[in-house]
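Coordinates in review
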Amino acid sequence: NGSGDILQVSYLVGVDENFQSGDLGKTTFKNAFAALQKAGFRVTVDEARRKQLTYSAGAKKTHIQMLLLAPDSAEFAAEAVKAMKTADIFLYDGHAGLGGYLSPERLADDTGRPLELPKSKYQIFVFQGCSTYAYYNTAFFTLKKSAGDPKGTKNLDIITTGIGAAFDVGAAVDAAFLTSVTMGQRPSWQTIIDRVHAAEGESTALTHVNGDEDNPRAP
């Protein structure tokens, strides 16, 4: 559940090289935005590097903020930290940077303070990049640990990739995930991952979910 009746989603897309036309990350950003509109999301902001969309399902609303950023920039670090601390769902699509772009240590260095996650807030983090299981997994669960949650997995599920993720299916993968979890339905993790795998097609990155072993067995 989000804050009140609003599910807050932060969706950061990293450029492949630069912000010029033809950049693979920029294409992912554009295509994902189009896919969410096609699925029924309403556009509230449409700028070159920042877009916002909303979706209403009865009394529940979803708010998605999309940002196109250079993942090695201070701006990216600041936006990532803000998203991880406040959003219900944080999704990053782009180069993993060999674990350097989103590591808590890098984010702390760039923002000047240690990353702290809300321990009592349930969140989903998605890292759609190359081999993100090896890079963006344990450290975030550690930041969620508390006396009542010694593993840090009760209030955090993380989706990562086992091998390299292809830019050309990134938008479809991201849209498959987001439409599954934000449009009022409550599919199982298995159903969500099946949809992600279908979107990946032959370009599978062996996407999987971590931390779901202690989730409730029923909605």
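So, how was this worked out
- Residues numbered from 1 in each chain as written.
- Predicted model: local features only at pLDDT ≥ 70, side-chain atom pairs only at ≥ 80, totals over all residues.
- Heavy atoms only, no water.
- Helix = DSSP H or I, 4+ residues; strand = E, 2+ residues; numbered from the N terminus.
- Rg over C-alpha atoms; globule rule 2.2 N^0.38 Å.
- Buried < 20%, exposed > 50% of the residue type's maximum accessible area, 1.4 Å probe, protein only.
- Contact = heavy atoms within 4.5 Å.
- Areas by Shrake-Rupley, 256 points an atom, 1.4 Å probe, with all protein chains shown as cover.
- Lys, Arg positive; Asp, Glu negative; His and termini not counted.
- Charge placed at Lys NZ, Arg CZ, Asp CG, Glu CD.
- Expected span 1.5 Å × (residues − 1).
- Phe/Tyr/Trp six-rings, centres within 6.5 Å; stacked < 30°, edge-to-face > 60°.
- Pairing = 2+ DSSP bridges.
- 1 Å grid on protein atoms, 1.4 Å probe; cavity = no way out; pocket = protein on both sides within 12 Å on 5 of 7 lines; lining within 4 Å.
- Points joined across faces, edges and corners; volume = space filled by probe spheres on them.
- Nonpolar A, V, L, I, M, F, W, Y, C, P; charged D, E, K, R; others polar.
- Axes fitted to C-alpha atoms, helices over the stretch in contact; angles between N-to-C directions.
- Salt bridge = Lys/Arg side-chain N within 4 Å of Asp/Glu carboxyl O.

1. Remarks on the overall build of the protein
For the protein, the helix and strand inventory stands at seven helices and eight strands. What you see for the protein is a C-alpha radius of gyration of 16 Å, in line with the 17 Å of a compact globule of 219 residues. Across its three principal axes, the protein shows a C-alpha extent of roughly 50 × 40 × 35 Å. Burial status across the protein gives 49% buried among its 219 residues. Of the contacts formed within the protein by residues at least 6 apart in sequence, a portion of 69% connects residues at least 24 apart. For the protein, the accessible area works out to roughly 10,300 Å², and carbon and sulfur atoms hold 52% of it. Taken together, the 22 basic and 25 acidic charged side chains of the protein have centroids lying 8 Å from each other.

2. Considerations on helix α6 (residues 170-182)
The terminal C-alpha atoms of α6 lie 18 Å apart, and with 13 residues this matches the ideal 18 Å at 1.5 Å per residue to within 8%. Counting buried residues in α6 gives eleven out of 13 residues, a clear majority hidden from the surface. Of the residues making up α6, those classed as buried are Gly170, Ala171, Val173, Asp174, Ala175, Ala176, Phe177, Leu178, Ser180, Val181 and Thr182. Of the residues one or two after α6, Gly184 is the one with positive phi, at around 95°.

3. Some thoughts on the packing of aromatic side chains
Per the counting criterion, the structure on display carries nine aromatic pairs. Aromatic pair Phe41 and Tyr55: ring centres 5.3 Å apart, planes at 45°, arrangement tilted. Remark: Tyr55 occurs in strand β3 (residues 50-57) and Phe41 occurs in the loop between α1 (24-39) and β2 (42-46); sequence separation between them is 14 residues. Just as Phe41 is buried, Tyr55 falls in that class too. Three or more aromatic residues joined by ring pairs make a cluster, and in this case those are Phe90, Phe125, Phe127, Tyr135, Tyr136 and Phe140.

4. Re the pairing of β2
Inspection of the sheet shows β2 paired to β3 by four bridges, in the antiparallel sense. Among the inter-strand pairings, Arg42 is bridged to a residue of β3, identified as Thr54. The antiparallel hairpin formed by β2 and β3 contains three residues in its connecting segment.

5. A closer look at empty space enclosed by the protein
Counted by the stated rule, this structure contains one cavity of 30 Å³ or more. Each pocket or cavity is described by its volume, and for the largest cavity that value is around 40 Å³. In terms of lining, the largest cavity is formed by Val126, Gln128, Ile159, Val173, Asp174, Phe177, Val196 and Thr207. Where the lining of the largest cavity is concerned, the elements lending two or more residues are β6 (123-128) and α6. With three residues, α6 is the single largest residue contributor to the lining of the largest cavity. When grouped by side-chain class, the residues that make up the lining of the largest cavity number five nonpolar, two polar and one charged.

6. Some thoughts on the sheet that holds strand β7 (residues 156-160)
Read across the open sheet, the eight strands follow the order β2-β3-β4-β1-β5-β6-β7-β8; overall the sheet is mixed. Each end of this open sheet is capped by a strand with a single partner; those strands are β2 and β8 (208-210). Within the sheet, the average angular offset between the axes of one strand and its neighbour, ignoring direction, is 15°. In this structure, strand β5 (residues 89-93) lies alongside β6, joined through five bridges in parallel fashion.

7. A look at the pattern of salt bridges
Per the stated rule, a full pass over the model turns up seven salt bridges. Between Asp5 and Lys60 there is a salt bridge, and its shortest N-O distance comes to 3.2 Å. Pair noted here: Asp5 is in the segment before β1 (6-14) and Lys60 is in strand β4 (residues 60-69), with a separation of 55 residues, a long-range link. We classify Asp5 as partly exposed; its relative accessible area is 41%. The closest approach of N and O atoms between Asp88 and Lys121, which form a salt bridge, is 2.9 Å.

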